[in-house]
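Tertiary structure, described
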Amino acid sequence: MPTTRREFIQGALAVGVASRVATAQPAQPPAPRDELWYNRPAEAWLEALPLANGRLGAMIYGGVATERIAFSESTAWSGAPEAGEVNPGALEHLNEIRQLFFAGKYEEAQELCDKYLPGRGRNFGTNLPLPELQLVFDNIGSHEEYRRSLSLDEAIARVRFRANGTLFEREAFASHADGVLVLQMTSGESEGIRFRMKFGNSTIPIAVKTDGMDTLVLDGHAWETMHSTGHDGVAVQIRAKVLAPSGKITPNADTVAVENTNVVTILVAIGTSFHGADPEAVCRKTIQAAARKDFVSLRRAHIADYQALYRRVTIDLGRSAPAIRNHATDARRKALEDGGDDPELLALFFQYGRYLTIAGSRADSPLPLALQGIWNDGLASSMAWTDDFHLDINTQQNYWHAEVCNLGECQIPLFALIDIIREHGRTTAREMYGADGWVVHTVTNPWGYTAAGGTGWGVVVTAGVWIALQLWDRWTFGGDVEFLRTRAYPVLREAAEFFLSYMVTEPKHGWLVTGPSDSPENSYLTPSGKRVSESMENTIDRALVYALYSMCIEASKVLSVDDGFRTRLEQARAKLPPFQIGRHGQLQEWLNDFEDAEPNHRHTSHLVSLYPLNQIAPRKTPELARAAEVTIERRIHAPHWEQTEWGRANLVVYYARLLKGDEAHKYLVSILAKASGTDLLTISSAGIAGAEQDIFAIDGNTAGAAGIAEMLLQSQGGEIELLPALPAAWPTGFISGLCARGGYVVDIAWHGGRLESATITSRHGGTRRIRYGDRIMTIQLSRGGSRRLYDASFAHSKQGAANLSTSNIM
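All values reported here derive from a predicted model rather than from experimental measurement.

**Some remarks on the pairing of strand β30 (residues 744-751)**
When you tally the buried positions in β30, you get seven out of eight residues, the bulk of the element. Examined bridge by bridge, strand β29 (residues 733-740) and β30 share six bridges and lie antiparallel to one another. The partner of F734 across the bridge, within β30, is A749. Two successive antiparallel strands, β29 and β30, enclose a turn made up of three residues, where G742 displays a positive phi of approximately 100°. Here β30 pairs with strand β31 (residues 754-762) via eight bridges, running antiparallel. Among the inter-strand pairings, V745 is bridged to a residue of β31, identified as T761. In textbook terms, the turn of a hairpin is the stretch between consecutive antiparallel strands, and for β30 and β31 this stretch comprises two residues, one of which, G752, has a positive phi near 60°.

**Notes on the side chain of E171**
Within the element layout of this structure, E171 appears in strand β8 (residues 166-175). For E171, the side chain forms a polar contact with the side chain of R158, separated by 3.1 Å. Other than its neighbours up to four places away in sequence, E171 contacts I156, A157, R158, V182, L183, Q184, F295 and R299.

**Description of the packing of aromatic side chains**
According to the stated counting rule, one finds 26 aromatic pairs in the structure shown. Lying across the ring of F579, R542 places its NZ or CZ 4.1 Å from the centre. One cation-aromatic arrangement involves R573 over Y546; the distance from NZ or CZ to the ring centre is 5.5 Å.

**Remarks on the sheet that holds strand β24 (residues 595-596)**
Strand order across the open sheet formed by three strands is β23-β22-β24, with antiparallel pairing between neighbours. Single-partner strands in this sheet number two, and they are β23 (531-532) and β24. Sheet topology note: the strand β22 (residues 524-525)/β23 ladder contains two bridges and is antiparallel. Directly across from Y524, in β23, lies its bridge partner V532.

**Examining the packing of helix α11 (residues 463-478) against helix α12 (residues 481-502)**
Remark: α11 packs on α12, axes separated minimally by 9 Å, with the N-to-C direction vectors making an angle of 155°. Comparing their axes, α12 and α11 come out roughly antiparallel. In this structure, the crossing between α11 and α12 has a hand that is left-handed. For the pair α11 and α12, the contacting residues are V465, A468, L471, W472, R474 and W475 in the first and V481, F483, L484, A488, V491, L492 and F499 in the second. Taken together, the residues of the contact of α11 with α12 break down into twelve nonpolar, no polar and one charged.

Conventions we followed
- Residues numbered from 1 in each chain as written.
- Predicted model: local features only at pLDDT ≥ 70, side-chain atom pairs only at ≥ 80, totals over all residues.
- Heavy atoms only, no water.
- Buried < 20%, exposed > 50% of the residue type's maximum accessible area, 1.4 Å probe, protein only.
- Helix = DSSP H or I, 4+ residues; strand = E, 2+ residues; numbered from the N terminus.
- Pairing = 2+ DSSP bridges.
- Polar contact = N/O pair within 3.5 Å; in protein donor to acceptor, adjacent residues only side chain to side chain.
- Contact = heavy atoms within 4.5 Å.
- Phe/Tyr/Trp six-rings, centres within 6.5 Å; stacked < 30°, edge-to-face > 60°.
- Lys NZ or Arg CZ within 6 Å of the ring centre and 35° of its normal.
- Axes fitted to C-alpha atoms, helices over the stretch in contact; angles between N-to-C directions.
- Parallel < 35°, antiparallel > 145°, perpendicular 65-115°, else oblique.
- Left-handed = near helix turned anticlockwise from the far one by under 90°.
- Nonpolar A, V, L, I, M, F, W, Y, C, P; charged D, E, K, R; others polar.

Purely geometric numbers; function is a separate question.
And the structure:
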């Protein structure tokens, strides 16, 4: 039987792993496709390699004389819950502000907004970086044959080098199965390992001690004064235990020394007092359990646990030239920046986005991915941003890829946070707007902050709807009616209750509108030339409220509940404003055709209608699709366009939805070439949004992965589309394991820019339209059934129009 492409890829990976174990390695062996590797140690945080287990994060530097491991922990937050976060003047002045906007007195309305809308998050807090664990080696000087790597297939970081003729190797992984970071070091010399273990400098107050002969303990508090009181935050403990049965271990006041051994294993656990936990008890229990297992058992459990998620999807975007693919990852990234072509690096970037999600957001994680995921470079937390949950695109982008990339359960921590937001958002809805239901604005924290932030950025009244789209994704991809009944619909229904009682009638057309609110984070020029940010209605609010009402209408039908409520929603939806095309041919961002105050602004929030929603699309709304494209063109061609990692990722998904694969590819390449570090973590560039230097933000990694998936498979609107935005740069390739709405799993192979085959498997059974280009066919599958399609399968199918079903308007 001929070998399938999937078998070929998996076999190649297996051979690569086997040969790495069984043979002596040359100085620089060829890298497996799912590996980042480098020929020198990291010198900066954005060169180190990330590990995590859903709660504990670590950046591995791979130093020779000194190994540095920079720690973070998802619940290591400053701040605390507090009352009185809503501006006490908001509700009293709400109607006055609205009437001023309706009367065209924009500047007067803005003055009142500035005074009475911003919330009072005095103890909001931030996630904080934790100290480094440092291993200082006394007997290692010059070295050669250096190599450090991160295997995405195994989630293991490795370091290998020779010093004084002796081979030294290290393996590190963050085990979700056992809750610890595991680091094993070996030496080719029987007593070749000698080092001191200590903690590095700290930005939080700490005390370090030893516990027994082999354990170093750090106790601290996540306290800081920029975003909180300076005395509120969780207690933290880091516990590092050395296992060296054949060596000598000597504890000192704040270090542990190890010598005379050729094998050492270090176990690290981190605990906090989040939700009343005892950090010391957490650490002791975790370390004791892990210490009862040998390294091989820990490693085996870690790999099995991780690969159950990671190996669901494989990808091949074509082979890179040998002269490129055999170089270290940083050299390949630089070559891409210089205009090179490297499809294997782009495939690696796709899997890297999935890796970071598995590492940072597991089903039992206490918190979802924050602005910096589960890691923390100390920069976002020490500036005005904070390392928090930004709900005006960043947290959404963190999870755009989760369902389509077969990592749906990684969204569960996000859903738990939404539940907290919903609870506290009822108070904000009542106190700020006198409304039913729940609402949240631009930012939140682990305690469910829902009040507004500052004007111009922090009054995004539909932010809760935007993040709740992830619940709807979970339902539409998975098809779990019980999830819809008990988790998604209650959240969405109560959000709809808010907008039904909050929105007001605009006097000129009789439309129902939101406001005052932001179109994040842009502003406009009034007829008198003044800059104003708040308004009555903007396009993002219209798009998200329309989607919210539509989701609730569909859910009520599926669940056979709330007939009267559904009627109210249908009536309100009919009164929402239409999308409008402005004087430049652009999709209007506001109710009126204002000029942008900043034509080069990084945000294009009104294009949620294009992605992730499906309200604008080339086949069904061609004029609006063209207007969306004009909006993009005007932004990116404006002088000094604010080019961010997440903004570039937006362009990938936008152009994918516009069916323009080459344009999507262009901006995908730009994420790596212009907005990533040497470790391929994406960065928000210095000089934008108040950043004084490049700052890590995970959204470019995760949304970039979503963009690649969107180029290869789309499933909005009740149909599955194969290769909707395939670029010319990927003439031949293969992807398996992507998920489509309706409970389908899809494998696709293509050659010469044309579909070669597609296998579609149904988890639940049912009928689905399958589109390839302008041709559509319908397939029917039983539960667990599959069907393989080829280019020729569509030869006699009819040319398909856009599907205008209810699900098409989400």
